[in-house]
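Examination of the molecular architecture
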Amino acid sequence: MKIIGINGSPRLKGNSATLLDKALEGARAAGAETERVDLYPLNFKGCRSCFACKRKSPFYGKGCAMKDDATEVFERMLEADGWIFSSPLYLGHSASSMCAFLERLHFSYLHTYEGGRQRMPSLKKLYPSVFIYDLNGGPQFLEMMHLENACEYETMLFDHAFGPSRHTIITNTVQFEDYSKYYTAAVNVAAKMAWHEEHWPQDLANVFELGRTLVTGEYAKED
Ligand SMILES: Cc1cc2nc3c(=O)[nH]c(=O)nc-3n(C[C@H](O)[C@H](O)[C@H](O)COP(=O)(O)O)c2cc1C
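Residues numbered from 1 in each chain as written. Predicted model: local features only at pLDDT ≥ 70, side-chain atom pairs only at ≥ 80, totals over all residues.

Regarding its fold elements, the protein presents six helices and six strands. Listing the helices and strands of the protein from first to last along the sequence gives β-α-β-α-β-β-α-β-α-α-β-α. Dimensions of the protein, computed from the C-alpha atoms along their principal axes, are close to 60 × 35 × 30 Å. When burial is assessed residue by residue, the protein has 34% of its 223 residues classed as buried. Sequence-distant contacts, at least 24 apart, represent 78% of the contacts inside the protein between residues at least 6 apart. (Helix = DSSP H or I, 4+ residues; strand = E, 2+ residues; numbered from the N terminus. Buried ≥ 20, exposed ≤ 12 C-beta atoms within 10 Å, placed from the backbone. Contact = placed C-beta atoms within 7 Å.)

Written out as structure tokens, the structure is:
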């Protein structure tokens, strides 16, 4: 079994990457082979709305017609058995690399425009997935801004198109080693550090478990 992890953060050693690595470690602990792909260094764009993937033609069901660095990643993902996506939340949604990547992957394998759980017939197996989101704000901010909805929506799209999908949201992340070097008046640094010390080990343990159960199938929802 092979699990591919997709990192949507430009920071290749940041929170999203660390969480992804831990989830992939969980997948390996359950016997999977893993690979991590960092999107930011790749040269690709979001959907150009050409609708080649929806044309009544022999190409239908064969994925995204655009050819760039994302193409080969999509191919490897289809050869794999499960996916883990990890991205910071920027302005209420996944970081732009992740958005661009998901637009192409999801939309090109969306069977119809009618919604529901109609999988693209060309997809011969289910691709279970995990989405990991992280953000600077705390749980109250998450709730106040209804950010859970955006994450839930992305997960639901993948649940419908590819296979059982789950997500987790990690709040109150630490972005700088030394906050005194930046204008961060809105951040209560002492409270953040205390939160981090208390919650981060559990956050890592939780994503490890998500990676592990992605492989064992324990988490799979009824389909
Ligand atoms: C462009 C940009 C936009 C951001 N927007 C938000 C936001 O709307 N809410 C929030 O809580 N954090 C926001 N953040 C903070 C990041 O989500 C947070 O620090 C995250 O853990 C960074 O992940 P990384 O270490 O993988 O880069 C933003 C950061 C950047 C760079």
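Our next topic: the site of the ligand. Close to the ligand lie 18 residues; Ser9, Gly14, Ser16, Pro88 and Gly137 are nearest. Secondary structure elements with two or more residues in the shell around the ligand: helix 1 (15–29) and strand 3 (82–90). Tallied by class, residues from the shell around the ligand come to seven nonpolar, nine polar and two charged. (Near = placed C-beta within 6 Å. Nonpolar A, V, L, I, M, F, W, Y, C, P; charged D, E, K, R; others polar.)

This brings us to the environment of Gly82. Inspection of the secondary structure assignment puts Gly82 in strand 3. Given 25 C-beta atoms within a 10 Å radius, Gly82 is considered buried. Residues Gly82 and Asn15 lie 67 residues apart in sequence; the distance between their C-alpha atoms is 21 Å. Leaving out residues up to four positions away in the same chain, Gly82 has contacts with Ile3, Tyr127, Pro128, Ser129, Leu214 and Val215.

Take helix 2 (residues 69–79) next. For helix 2, the full list of buried residues reads Ala70, Val73 and Met77. Looking down the long axis of helix 2, one finds its buried residues gathered within 60 degrees of arc, a one-sided arrangement. Facing away from the buried side of helix 2, by more than 90 degrees, are the exposed residues Glu75 and Glu79. (Arc of directions from axis to C-beta.)

Let us look at the pairing of strand 1 (residues 2–7). Of all the six residues making up strand 1, five are buried; the element is thus mostly covered by neighbouring parts of the structure. For strand 1 and strand 2 (residues 33–38), the ladder comprises six bridges, and the chain directions are parallel. Each residue of the ladder has a partner; that of Asn7, found in strand 2, is Asp38. For the crossover that starts at strand 1, traverses helix 1 and ends in the parallel strand 2, the hand is right-handed. Taken together, the five bridges between strand 1 and strand 3 define a ladder with parallel strand orientation. (Pairing = 2+ DSSP bridges. Right-handed = clockwise from strand over helix to strand, strands pointing away.)

In this section: helix 5 (residues 147–161). For helix 5, built from 15 residues, the straight-helix expectation of 21 Å at 1.5 Å per residue is met to within 8% by its first-to-last C-alpha distance of 22 Å. Along helix 5, the residues classified as buried are Cys151, Glu154, Thr155, Phe158 and Ala161. Along the axis of helix 5, the buried positions cluster into a sector of 140 degrees, meaning they face one direction only. Turned more than 90 degrees off the buried face of helix 5, the exposed positions are Asn149, Tyr153 and Met156. Looking at the buried side of helix 5, the elements it contacts are strand 4 (93–94), helix 3 (96–108), strand 5 (129–134) and strand 6 (165–170). (Expected span 1.5 Å × (residues − 1).)

Turning our eyes to something else, we now look at the pairing of strand 3. The element strand 3 is largely enclosed, with a buried count of eight among its nine residues. For strand 3 and strand 5, the ladder comprises six bridges, and the chain directions are parallel. In the strand pairing of strand 5, Trp83 is matched with Ser129. Alignment of strand 3 against strand 4, held across two bridges, turns out to be antiparallel. By the bridge assignment, Tyr90 is partnered in strand 4 with His93. Linking two consecutive strands that pair antiparallel, namely strand 3 and strand 4, is a turn of two residues; a positive phi of about 55 degrees is found at Leu91 within it.

One broad trend across soluble globular proteins is that nonpolar side chains are buried collectively. Residues Ile3, Ala23, Ile84 and Ile132 are the most contacted members of the largest nonpolar core, which totals 39 residues. Breaking this core down by element, the ones donating at least two residues are strand 1, helix 1, helix 2, strand 3, helix 3, strand 5, helix 5 and helix 6 (189–216). Every residue in contact with Ile3, bar those within four places of it in the chain, is listed here: Leu24, Ala27, Ala32, Thr34, Ala80, Asp81, Gly82, Ile84, Leu214 and Val215. (Core = buried A, V, L, I, M, F, W, Y, C linked by C-beta atoms within 7 Å.)

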